[in-house]
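Reading the structure
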Amino acid sequence: MNKADLIKKMATDAGITQNQANKAFGAMVDGIANSLAKGKRVILVGFGTFSVSERKARTGRNPKTGAPLRIPARKVPKFTPGKALRDRV
């Protein structure tokens, strides 16, 4: 299922237009992204938790030359599924 399929399903199930479903979906995604950018977690009970994880700096290798290179530390988004979602899948 891609974004367009999900928006169609949301519109059908909620009895709203696809344009309204698209706006609602966009607002939800923006809300999650903004919270993560502020370092906050987003918990959707029964679905899962979106959070920010920090990766430490490490040494990697250039696959072409084999030369070592430094990979800097960074923050990455992380999703942990909730129990209800894990059980359903």
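Comments concerning the pattern of salt bridges
Counting across every chain of the model gives 2 salt bridges. Across the pair Asp87 and Lys83 runs a salt bridge, and its minimum N-O distance is 2.7 Å. Linking Asp87 with Lys83, this pair stays in helix α3 (residues 83-88), spanning 4 residues, or about one helical turn. Accessibility classification places Asp87 together with Lys83 in one group, the exposed group.

Details of helix α1 (residues 3-14)
Here α1 is 12 residues long and its end C-alpha atoms lie 16 Å apart, about the 16 Å a rise of 1.5 Å per residue gives. Its side-chain oxygen placed 3.2 Å from the backbone nitrogen of Ala4, Asn2 serves as the N-cap of α1. Two residues or fewer past α1, Gly15 is found with a positive phi of approximately 70 degrees.

Focus on the packing of aromatic side chains
Aromatic ring pairs are described here by two measures, namely the spacing of the ring centres and the angle between the planes. The tally for this structure, following the rule as stated, stands at 2 aromatic pairs. Seen in terms of ring centroids, Phe50 and Phe79 are 4.8 Å apart; in terms of plane orientation they differ by 50 degrees. Their pairing is tilted. With Phe50 in strand β2 (residues 48-55) and Phe79 in strand β5 (residues 74-81), this pair connects stretches of sequence that are 29 residues apart. According to the relative accessible area criterion, Phe79 is partly exposed, its value standing at 34%.

Notes on the sheet that holds β5
What holds strands together in a sheet is hydrogen bonding between their backbones, with the strands either parallel or antiparallel. Strand order across the open sheet formed by 3 strands is β1-β2-β5, with antiparallel pairing between neighbours. Of all strands in the sheet, those bounded by a partner on one side alone are β1 (42-44) and β5. Each adjacent strand pair in this sheet contributes to an overall mean axis angle of 30 degrees, direction not counted. With 3 bridges connecting them, β1 and β2 associate as antiparallel partners.

Calculation notes
Residues numbered from 1 in each chain as written. Predicted model: local features only at pLDDT ≥ 70, side-chain atom pairs only at ≥ 80, totals over all residues. Heavy atoms only, no water. Salt bridge = Lys/Arg side-chain N within 4 Å of Asp/Glu carboxyl O. Helix = DSSP H or I, 4+ residues; strand = E, 2+ residues; numbered from the N terminus. Buried < 20%, exposed > 50% of the residue type's maximum accessible area, 1.4 Å probe, protein only. Expected span 1.5 Å × (residues − 1). Polar contact = N/O pair within 3.5 Å; in protein donor to acceptor, adjacent residues only side chain to side chain. Phe/Tyr/Trp six-rings, centres within 6.5 Å; stacked < 30°, edge-to-face > 60°. Pairing = 2+ DSSP bridges. Axes fitted to C-alpha atoms, helices over the stretch in contact; angles between N-to-C directions.

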